[in-house]
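Coordinate inspection notes
Spelled out, the chains give:
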Amino acid sequence: MLAKGLKFIPTPVTNQSQIKRQILRDFDQFARRMRLMYIFHVQDNEPHLFHVKSLWEPPIQRSVALESYLEEVKNELADLKLAKPRNNLLPAEREALKALKHNNEINIKKADKGTTIVVMNTQDKKQEGQIQLDNMNHYRPLETPMVVETKHRVQQFINDLYQGNHIDKITRTWLCQTPNPPSIPEFYALTKIHKPTPVGRPIISGCDGPTEKLSSFVDKLLQPIARQQRSYLKDSTDFINFIEQTKVPADVILVSMDVTSLYTNIPQEEGIQTVCRACETFYVNKPPIPKPLLEQALRLILQENSFQFNGKNYLQIHGTAMGTKMAVAFANIFMNKVETDILIQSAIRPLVWKRYIDDIFSLWTINRVEILQFIEQANRHHPTIKFTAEVSETETTFLDTTIFKDDRFLKDSVLDVRMHFKPTETFQYTHFTSSHPPGVKKGFIKGEALRFLRTNSS
């Protein structure tokens with residue numbers, strides 16, 4: 001069958017004529033991509049970093065093979081016999097879902113960690129967020145939304161970049177894709193049920209907000225700086241590869257540290273200056289944009305981060321929100337400065353020091369008392385950046401792994417690794433009778449198998 005290998009995005013419709021029309025619409029998009037690939041396949045140019053998707057429709061091509069293939073596939077899809085979709089939920093389950101969907105007195109959201117959900121009374125959920133927003137050191141109430149004014153200032157900044165020849169026309173067009181008027185960012189909280197006292201992790205969804213595109217632009221400038229840090233870890237795989245290649249002494253002590261609420265505890269102006277200095281050092285005499293303009297961009301993103309919650313408007317005045325694109329690179333660069341200063345000022349140094357954003361893994365060859373003194377010193381270094389730590393002679397957890405001493409350590413002086421599951425992990429997976437494509441379900445099994453193989457040294 002010519003159409004067998006084609007991938008179409010499933011659409012939640014049940015009427016057979018609607019399904020047929022959707023299949024043909026998906027085919028039109030597929031045909032468009034095939035013609036574009038045919039036209040541009042000989043070009044080796046890298047796509048522009050801020051490419052704007054074109055609405056240009058490629059005409060029918062002179063390739064008989066391509067057009068014959070597309071025509072036959074379209075005819076085959078048009079003649080496709082569709083079976084009525086079978087609902088894989090029991091009638092009682094469908095009724096229960098409808099009742100839950102229309103029940104405004106409870107709130108159902110995913111938990112902050114693990115594959116589980118949190119069901120809360122709606123008023124309690126609102127109170128969870130309101131407790132954080134009542135912190136006047138971090139947030140300030142607004143009488144009216146300020147996103148329109150912010151968009152005007154962002155637009156003026158983009159014009160200044162373009163007129164100063166710091167960006168090209170394509171980048172300017174990409175940056176100007178914000179809707180008019182822009183959407184007002186929304187604040188919500190993901191409940192941390194893995195904490196002794198459940199609290200909410202604050203998230204600000206800025207999709208189509210006034211600084212969304214600008215934040216993505218700044219993120220592209222900051223990512224290379226974050227990746228070149230000595231302590232930088234890309235992900236769990238990068239960390240495991242590091243462990244596999246590191247021999248350690250027999251008396252090594254394992255320490256994992258965590259920064260308490262890193263994103264909301266970074267002072268905005270201090271963070272801006274830290275990032276700008278790091279940018280100057282990294283790019284030397286060839287910064288992508290001048291330092292004053294980078295400062296201006298960061299201030300627009302951080303100091304004009306307004307949003308709505310429960311019908312009220314707020315402005316974040318301290319920290320950076322989880323939800324804006326450049327937050328991770330911004331926090332990474334700031335933490336690199338903090339940890340570097342701590343290590344330079346300390347009379348004792350770790351054998352190994354690696355960090356993934358706010359999680360730190362270190363190895364020490366001194367006694368436990370001195371390590372605890374170092375942690376106390378680290379907690380006195382900065383007024384808002386504080387650490388919690390786990391110190392052990394035998395094992396510790398880091399990211400989704402447990403690092404421990406076992407047979408391989410005794411034989412080859414290399415630490416062992418096994419997968420770590422948080423107590424909140426419920427092991428809930430998509431049921432095989434789900435209407436997902438078969439490849440998705442088989443791919444999940446393969447992915448989990450590879451994850452277990454990668455994350456367990458035994």
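Everything quoted here is computed from the prediction, not taken from an experiment.

1. Some points on the pairing of strand β5 (residues 199-205)
The element β5 is largely enclosed, with a buried count of 5 among its 7 residues. Sheet analysis places strand β4 (residues 186-192) next to β5, joined by 7 bridges and oriented antiparallel. By the bridge assignment, K192 is partnered in β5 with V199. Connecting β4 to the antiparallel partner β5 that follows it, the hairpin turn spans 6 residues.

2. A few points about unusual backbone geometry
Along the chain, N180 connects to P181 via a cis peptide bond; the corresponding omega equals 5 degrees. Within the secondary structure, P181 is located in the loop between α6 (169-175) and β4. In the Ramachandran plot, N310 falls in the positive-phi region, its phi being about 55 degrees despite a non-glycine side chain. Tracing the sequence through the fold places N310 in the loop between β7 (306-309) and β8 (312-316). The exposure class assigned to N310 is partly exposed, which follows from its relative accessible area of 44%. Located in the positive-phi region is L399, a residue other than glycine, with phi close to 55 degrees.

3. A closer look at a nonpolar patch on the surface
Side chains of L89, L97, L100, I108, I117 and V119 sit close together on the surface and give an oily, nonpolar patch of about 510 Å² of accessible area. Those elements giving two or more residues to the nonpolar patch turn out to be α3 (91-101) and β2 (117-121). If you trace the backbone, V119 turns up in strand β2.

4. Let's talk about the sheet that holds strand β10 (residues 359-364)
If you trace the 4 strands from one edge of the open sheet to the other, you get β9-β10-β6-β11, paired in antiparallel fashion. The open sheet has two edge strands with one neighbour each: β9 (352-356) and β11 (387-392). Recorded for the sheet is a direction-independent mean angle of 15 degrees between the axes of neighbouring strands. Relative to β10, strand β6 (residues 253-259) is paired through 6 bridges, and the arrangement is antiparallel. Pairing of M257 across the sheet is with I360, part of β10.

5. Notes on the nonpolar core
L214, F217, V218, L298 and F387 are the most contacted members of the largest nonpolar core, which totals 57 residues. With 10 residues, helix α11 (residues 327-345) is the single largest residue contributor to this core. Setting aside residues up to four positions removed in sequence, L214 forms contacts with V154, F157, L175, A297, L300 and I301. Among the nonpolar cores identified, the runner-up in size contains 15 residues, and I240, V252, I403 and V417 belong to it.

6. So, the side chain of S231
Along the chain, S231 turns up in the loop between α7 (212-227) and α8 (236-244). Residue classification places S231 among the buried positions, given a relative accessible area of 4%. Polar contacts involving the side chain of S231 include one to the side chain of E339, which spans 2.5 Å. Not counting residues up to four positions away in its chain, the partners in contact with S231 are N336, E339, W353, K354 and R355.

7. Looking at a positive patch on the surface
Together, K220, R227, K234 and K325 make up a positively charged patch on the protein surface. Turning to its location among the elements, K220 is positioned in helix α7. Judged by relative accessible area, which is 43%, K220 ranks as partly exposed.

8. Considering the sheet that holds strand β12 (residues 395-398)
Reading across from one edge, β12-β13-β14 is the order of the 3 strands in this open sheet, with antiparallel pairing throughout. Since the sheet does not close on itself, it has two edges, and those belong to β12 and β14 (416-419), each with one partner. The sheet shows a mean angle of 25 degrees between the axes of neighbouring strands, direction not considered. Sheet topology note: the β12/strand β13 (residues 401-404) ladder contains 4 bridges and is antiparallel. Looking at the pairing, T397 lines up with T402 of β13. Each of β13 and β14 is contacted by helix α14 (residues 438-455), which is oriented at about 155 degrees to β14, the strand it contacts most.

9. Some thoughts on the packing of α7 against helix α9 (residues 268-283)
Helix-helix packing: each pair is described by the crossing angle between the helix axes and the interaxial distance. Between α7 and α9, whose axes approach to 10 Å, the crossing angle comes to 75 degrees. In terms of orientation, α7 lies roughly perpendicular with respect to α9. Residues L221, L222, P224 and I225 of α7 pack against V275, A278, C279, F282 and Y283 of α9. For the contact of α7 with α9, a count of residues per class yields 9 nonpolar, no polar and no charged.

Rules used in this analysis
- Residues numbered from 1 in each chain as written.
- Predicted model: local features only at pLDDT ≥ 70, side-chain atom pairs only at ≥ 80, totals over all residues.
- Heavy atoms only, no water.
- Buried < 20%, exposed > 50% of the residue type's maximum accessible area, 1.4 Å probe, protein only.
- Helix = DSSP H or I, 4+ residues; strand = E, 2+ residues; numbered from the N terminus.
- Pairing = 2+ DSSP bridges.
- Patch = residues over 30% accessible without salt bridge, like charges linked within 9 Å, V, L, I, M, F, W, Y side chains within 5 Å.
- Areas by Shrake-Rupley, 256 points an atom, 1.4 Å probe, with all protein chains shown as cover.
- Salt bridge = Lys/Arg side-chain N within 4 Å of Asp/Glu carboxyl O.
- Axes fitted to C-alpha atoms, helices over the stretch in contact; angles between N-to-C directions.
- Core = buried A, V, L, I, M, F, W, Y, C linked by side-chain atoms within 4.5 Å.
- Contact = heavy atoms within 4.5 Å.
- Polar contact = N/O pair within 3.5 Å; in protein donor to acceptor, adjacent residues only side chain to side chain.
- Lys, Arg positive; Asp, Glu negative; His and termini not counted.
- Charge placed at Lys NZ, Arg CZ, Asp CG, Glu CD.
- Parallel < 35°, antiparallel > 145°, perpendicular 65-115°, else oblique.
- Nonpolar A, V, L, I, M, F, W, Y, C, P; charged D, E, K, R; others polar.

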